[in-house]
Every structure is written in structure tokens, then in C-alpha cells.
Amino acid sequence: MFGYVRPPQDLPEEERRRFGRAYCGLCHALGERYGPAARFILNYDFTFLAILLSDPEEGPVHHGRCAAHPVHGRDRLETTPALALAADESVILAYWQLRDGVEDHDWLHGLKYRGVSALLEPAYRRAAQARPDFDGSTRRQLALLAELEREGCPSMDRAADTFAVLLRGAAGEVQEPVRRRVLEQLLYHLGRWVYLVDGADDLKRDAASGSYNPVALRYGLTQGLWTEESRRSFAATLDHSIHMMATAFELWDFGVWTPVLERTLYSGLFQVGKAVLDGTFRTGRSKKTTPALEQGGDTQERDT
Amino acid sequence: MNDPYQVLGISESATDEEVKRAYRELARKYHPDNYHDNPLADLAQEKMKEINAAYEEINRRRSGGGRSASSGYGGGWQQQYGGSSSTFQQVRTAIQMGDLSRAESLLNASGDHGAEWHFLKGAVCYRRGWMDEALRYYQTACQMEPGNPEYRRALNLMQGGSPYRPGGENFGTLCAGNPCMTLCCAYTLCNGGYCCFI
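Being a predicted model, the structure only gives us computed values, none of them experimental.

Chemist: Explain the overall build of chain A here, please?
Modeler: Secondary structure summary: chain A contains 13 helices and 2 strands in total. Radius of gyration (C-alpha) of chain A: 19 Å, near the 19 Å computed for a compact globule of 304 residues. Taken over the C-alpha atoms alone, chain A extends approximately 55 × 40 × 40 Å along its principal axes. Split into buried and exposed, the 304 residues of chain A put 58% on the buried side. Expressed as a percentage of contacts within chain A between residues at least 6 apart in sequence, the contacts between residues at least 24 apart total 73%. Total accessible area computed for chain A in this model is approximately 12600 Å², and 51% of it derives from carbon and sulfur atoms.

Chemist: Please explain the packing of aromatic side chains as it appears in this structure.
Modeler: The geometry of an aromatic ring pair is captured by two quantities: the separation of the ring centres and the angle between the planes. Residue and element names in this part refer to chain A. Taken as a whole, this structure holds 18 aromatic pairs over all chains when the rule is applied. Note on Tyr219 and Phe234: the rings are 6.3 Å apart at their centroids and 85 degrees apart in plane angle, and the pair reads as edge-to-face. With Tyr219 in helix α9 (residues 214-219) and Phe234 in helix α10 (residues 228-249), this residue pair connects regions lying 15 residues apart in the sequence. For Tyr219, a relative accessible area of 14% translates into the label buried. A relative accessible area of 1% means that Phe234 is categorised as buried. Taken together through their ring pairs, the aromatic side chains of Phe19, Tyr23 and Tyr44 make up a single cluster.

Chemist: Looking at this structure, how should I read the packing of helix α2 (residues 44-53) of chain A against helix α11 (residues 258-278) of chain A?
Modeler: Each pair of packed helices gets described by two things: the angle between the helix axes and the distance between those axes. Residues and elements named next belong to chain A. At their nearest, the axes of α2 and α11 sit 11 Å apart, and the two run at 130 degrees to each other. When the axes of α2 and α11 are compared, the pair comes out oblique. Judged by the twist between their axes, the crossing of α2 over α11 is left-handed. Across the interface between the two elements, Phe48, Ile51 and Leu52 of α2 pack against Val260, Leu261, Thr264 and Leu265 of α11.

Chemist: I keep staring at the environment of Leu85 of chain A and nothing clicks. Help me out?
Modeler: Residue and element names in this part refer to chain A. Here Leu85 lies in helix α3 (residues 81-104). Residue class for Leu85 comes out buried when judged on its relative accessible area of 9%. Remark: the alpha-carbon pair of Leu85 and Ala170, spanning 85 residues in sequence, is separated by 8.8 Å. For Leu85, the residues in contact, after removing those within four places along its chain, are Leu53, Arg131, Ala170 and Glu173.

Chemist: Sorry, what's going on with the interface of chain A and chain B here?
Modeler: Often, the extent of an interface is quoted as the loss of accessible area upon association of its parts. Contact with chain A, which involves 37 residues of that partner, is made by 32 residues of chain B. Counting across the interface, chain A meets chain B through 3 salt bridges. Across the salt bridge formed by Asp42 of chain B and Arg181 of chain A, the nearest N and O atoms sit 2.9 Å from each other. Between the two partners, chain A and chain B, sit 20 residue pairs in polar contact (both at pLDDT 80 or more). Counted by class, the side of chain A that touches chain B contains 15 nonpolar, 10 polar and 12 charged residues.

Chemist: What's the story with the packing of helix α5 (residues 100-109) of chain B against helix α6 (residues 115-128) of chain B in this structure? I'm lost.
Modeler: Residues and elements named next belong to chain B. Orientation of α5 relative to α6, taken along the N-to-C sense of each, is 155 degrees, at an axis distance of 10 Å. Here α5 is positioned roughly antiparallel relative to α6, judged by the angle of their axes. α6 is crossed by α5, and the crossing has left-handed handedness. The residues of α6 that touch α5, namely those facing Leu100, Ser101, Ala103, Glu104, Leu107 and Asn108, are Trp117, Leu120, Lys121, Val124, Arg127 and Arg128. Considered class by class, the residues forming the contact of α5 with α6 number 6 nonpolar, 2 polar and 4 charged.

Chemist: So what exactly am I meant to see when it comes to helix α7 (residues 131-144) of chain B here?
Modeler: An α-helical turn contains 3.6 residues, so any two residues separated by three or four positions project in the same direction. Compared with the 20 Å implied by 1.5 Å per residue over 14 residues, the 20 Å span of α7 of chain B between its first and last C-alpha is a close match. Among all positions of α7 of chain B, only Met131, Asp132, Glu133, Ala134, Leu135, Tyr138, Gln139, Ala141 and Cys142 of chain B are buried. Where the residues of α7 of chain B are buried, they touch α6 (156-168), α7 (177-201), α9 and α10 of chain A together with α6 and α8 (149-160) of chain B.

Chemist: What is the right way to look at helix α2 (residues 16-29) of chain B in this model?
Modeler: Residues and elements named next belong to chain B. An ideal rise of 1.5 Å per residue puts 20 Å on 14 residues; α2 measures up with 20 Å between its terminal C-alpha atoms. Turning to α2, its buried residues are Val19, Ala22, Tyr23, Leu26, Ala27 and Lys29. Angularly, the buried residues of α2 cover 155 degrees about the axis, an arc narrow enough to put them on a single face.

Chemist: Would you mind showing me how to read the pattern of salt bridges here?
Modeler: Where charged atoms of side chains with opposite charge meet at close range, the side chains can pair. Evaluation of the coordinates by the stated rule reveals 33 salt bridges over all chains. A salt bridge links Glu78 of chain A to Arg76 of chain A, with the shortest nitrogen-to-oxygen separation between them at 3.7 Å. Look at Arg76 of chain A and you get buried, because its relative accessible area is 12%. For Lys49 of chain B, the salt bridge identified is with Glu46 of chain B, shortest N-O distance 3.8 Å. Residue Lys49 of chain B and its partner Glu46 of chain B are located together in helix α3 (residues 41-62), separated by 3 residues, close to a single helical turn. When salt bridges that share partners are traced, they join Glu14, Glu15, Arg18, Arg21 and Glu58 of chain A into one network.

Cut-offs applied
- Residues numbered from 1 in each chain as written.
- Chains lettered and ligands numbered in written order.
- Predicted model: local features only at pLDDT ≥ 70, side-chain atom pairs only at ≥ 80, totals over all residues.
- Heavy atoms only, no water.
- Helix = DSSP H or I, 4+ residues; strand = E, 2+ residues; numbered from the N terminus.
- Rg over C-alpha atoms; globule rule 2.2 N^0.38 Å.
- Buried < 20%, exposed > 50% of the residue type's maximum accessible area, 1.4 Å probe, protein only.
- Contact = heavy atoms within 4.5 Å.
- Areas by Shrake-Rupley, 256 points an atom, 1.4 Å probe, with all protein chains shown as cover.
- Phe/Tyr/Trp six-rings, centres within 6.5 Å; stacked < 30°, edge-to-face > 60°.
- Axes fitted to C-alpha atoms, helices over the stretch in contact; angles between N-to-C directions.
- Parallel < 35°, antiparallel > 145°, perpendicular 65-115°, else oblique.
- Left-handed = near helix turned anticlockwise from the far one by under 90°.
- Salt bridge = Lys/Arg side-chain N within 4 Å of Asp/Glu carboxyl O.
- Polar contact = N/O pair within 3.5 Å; in protein donor to acceptor, adjacent residues only side chain to side chain.
- Nonpolar A, V, L, I, M, F, W, Y, C, P; charged D, E, K, R; others polar.
- Expected span 1.5 Å × (residues − 1).
- Arc of directions from axis to C-beta.

Below you can see the structure in the form of C-alpha cells.
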């Protein structure tokens with residue numbers, strides 16, 4: 001479910017570097033709070049979450065070396081309460097995503113998920129203790145989603161709602177009421193968008209394995225192939241969620257993070273959605289270098 | 001009141017044309033159409049009031065302190081509700097109060113599944129974020145009562161509205177990175193294609 005939210009490739013250099021500092025800052029916060037093994041969950045999606053939760057100012061920057069950049073080092077944000085929150089929530093999300101992988105596969109194919117989730121388990125236990133509300137709501141929503149999958153729920157919106165509500169919970173600790181409303185609305189539709197794009201991305205694989213796919217059910221697709229009409233209708237529903245994210249985004253001052261968030265919402269999501277619909281997303285990302293990597297964010301970007 | 005120039009994001013030395021351009025850009029961003037049925041519409045309305053007041057104030061100062069001749073975008077926030085049965089009126093009130101569960105249970109208990117019922121189901125779905133189902137309810141409402149301007153407006157805003165995007169660029173997944181923007185948008189999802197479903 002991760003790997004779809006990323007800044008556009010034409011991000012200006014200054015913003016690319018700023019994004020890289022947040023990426024390295026989150027990596028450091030993960031290592032600091034949960035040990036080096038937790039750093040492997042780092043991705044752009046979690047960095048985006050960290051930025052959304054961050055204060056309008058960037059805060060102190062530290063230059064340091066790490067295992068991935070032992071010689072020249074990298075600039076990174078010092079750990080702030082927002083980065084700590086994002087790190088904790090990222091561990092919870094990544095852990096349950098891995099457990100979901102265990103449930104979805106037979107014993108043999110589930111081995112890698114079982115192994116990695118066991119590795120992450122001590123970190124998860126601490127994160128769940130630190131953020132019990134988010135952990136509780138995440139478990140509830142994933143249980144609900146599993147039930148809908150078992151039933152073969154034909155409503156794309158109902159299925160997507162489970163993941164959307166789950167992600168909305170990431171703003172649960174935000175105190176300021178207006179900021180919280182804005183973030184909850186933005187994260188709800190980000191969750192909906194991610195769930196739907198993931199469904200579209202898995203169309204062919206799910207068709208081959210006979211797995212539940214809400215997008216295929218909604219449009220009655222056979223063999224995971226789009227018709228022109230269904231493709232257009234699906235793109236429209238993605239656009240409706242992006243519109244909702246954008247209208248929420250415009251109602252709060254995200255300070256120095258405004259340009260990178262603006263470019264991601266108004267360009268990055270369109271680009272990813274289009275690539276998924278065109279079937280070029282998976283091939284594209286194995287070949288292209290992503291923005292933070294170019295400027296040396298880290299080498300640990302991966303699709304969980 | 002905050003500094004009106006700061007509200008519009010410009011300096012005091014901005015020309016009249018720059019003031020107007022900044023105002024138009026912000027007014028497009030927070031326009032009621034861009035927040036139609038949006039759960040955050042109240043916040044956008046506050047923004048719009050602030051922008052209108054700032055624009056009025058700058059014009060007043062520049063015209064020598066008299067009453068400003070220009071007027072900002074106004075109105076558009078109030079839903080225009082036609083006559084409807086008392087149950088549906090209660091549903092509308094519940095939606096306006098943000099009580100979607102009550103609106104939904106009232107609709108589910110209603111035996112009248114006419115055009116208005118579908119429209120209101122659509123409005124509940126839209127606010128909840130169930131955009132695919134919202135669109136389909138609006139479509140059914142318009143098919144059942146093609147002449148109703150309220151239903152048609154809701155559908156048109158979903159299907160062919162012009163969502164704000166900075167710099168006036170087209171808004172849409174199928175247009176992403178497409179150099180043939182006009183061709184793409186002639187019949188699909190971007191502001192170029194303001195199409196009417198009915």
C-alpha cells in the first residue's frame with residue numbers, strides 16, 4: 001500500500017533538498033527511537049506524513065554521517081515532536097502492513113513478511129505503547145477491511161473508507177482544532193486515493209490469483225483490463241479525492257513545506273495515478289531515480 | 001483587521017493590476033464553487049470574507065479613502081433549497097449541521113426514493129468522501145428530474161467543474177504530463193471539458 005505518494009520529479013532544487021532533510025530526519029528519528037533495524041521501513045509516504053505533521057518552520061538542521069552516507073554525510077532535521085510522532089505512526093503502519101502480508105500469503109510465500117515483521121516487532125510494541133489510540137484505530141480499521149475483503153464487498157467507496165479512516169487517525173494527536181480538521185480531511189482522501197491506486201495497480205495480479213479487488217468489482221473488469229469508459233470514470237474519482245486534499249491543504253499555512261506539499265498534491269499524485277493507469281508505474285520506478293535519492297536522501301527507499 | 005496587503009500576499013508598492021491579479025487568484029482558490037458541499041466550506045468562507053475585506057480596503061485607500069467602487073465576489077454560500085417534504089427538510093438540516101449519521105438514518109427510513117432522495121443520498125456520500133457513490137446518486141437524481149437546477153449544479157460541479165490549480169493549469173490525472181493538453185481535456189476530466197451529463 002506504500003510507495004505511491006512522492007513529490008514530482010521536477011521539484012526545484014531547494015525544495016528537493018528540503019524534502020531530503022525531512023527524509024533523513026525521519027530516518028534518524030526512527031533509528032534513534034527504535035534502533036537501526038527500524039530504518040528499513042523508511043519511505044516517501046512516511047516522509048510526506050512527517051511533513052504534514054510538522055511545524056511551519058523547518059527547525060534546526062544537523063549535518064551528520066550515517067551507515068548509508070558514511071563519508072560525506074547528509075543534512076537532516078533534528079528530531080521534533082512531529083518527527084517523533086510520524087516515526088511512531090510509521091512503525092505501527094509498517095508493522096500492520098507486514099502482518100497483512102503474512103495473512104494474505106500461504107506459509108511459504110508469507111515467510112519474508114513473517115521474518116521482517118518479527119524483526120520489527122520490538123519496535124512495534126514500543127510504538128503501540130507510545131500511541132495506543134492510533135494503534136487501536138489502525139487495528140480496528142484493518143480488521144474491518146479484512147472482513148469486507150472476505151465478503152467480497154462490491155462497494156469501492158466502502159472498502160476505501162476503511163483505509164481512509166485509518167490514515168485520518170494519524171492526525172488524532174493534533175491539538176489545534178482547525179489544523180486538525182484540515183489534516184483529517186486531507187489524510188482521509190489521501191488514504192482513499194492510496195487504497196484506490198493500489199487496487200488499480202494490482203488489477204492484473206489480482207485477476208490472475210483470483211484475489212479480491214474492489215476496483216475490478218466496481219467496474220466489472222475482466223482479466224484486470226480497463227475499458228475506456230471505466231478508466232475515465234476511475235480517473236475522475238481519483239481526481240475528486242485530489243480535489244478534496246487540495247481544498248483542505250489551502251486552508252492551513254504549512255509554512256516552508258508549502259511548495260513541496262503543493263507540488264506533490266497538484267502534480268505528483270496526478271503523475272503517479274496516470275502512470276498506474278497506463279501500466280508504466282512499476283516499470284518506471286525501477287528505472288528512474290527518485291528526487292530525494294538524487295540529492296542523497298538515502299538508499300533505503302523501498303515499497304513495503 | 002490584518003494588513004490587507006499581507007492577506008493578498010503582495011507588497012504595498014504593487015500596481016493596481018497586480019492587486020487585482022492577486023485578488024482574482026485567491027478568489028478563484030476559495031470560491032464557493034471550489035468548496036461546494038465541502039466539509040471545510042465554513043473555513044473557506046472565512047478566508048473569502050477576509051480576502052474580500054482586504055481587497056475592498058486596498059481599493060478604498062487607493063481611491064482616496066472614499067467608498068470603494070469595486071466589489072468582491074459575494075454570496076454563493078447559501079444552499080438554495082426548494083420545497084421538500086419535512087423528512088427531507090430534516091435531512092438537509094442534519095447535513096448542514098454535519099450530522100451525517102442522522103441524515104443517513106432518516107434517508108434509509110424514508111419510503112420515498114424519488115429524485116430528491118437520490119440527491120440527498122449523494123450529498124451525504126459526498127461529504128463523507130464516498131465520491132464514486134455520490135456521483136452515481138447525483139446522476140440518478142438528474143435522470144429522474146432533469147429540470148432541477150439544484151441537482152444539475154451538484155452534478156455539473158462534480159463532473160465538469162473547474163477545480164483550482166495554481167497557475168491556472170489543468171486539473172486531472174489523465175492530463176498529467178500530457179503535452180496534448182487540449183486534446184486530452186476536450187472530452188475528459190479537466191477544466192477544459194465542462195460537460196453536461198444530461
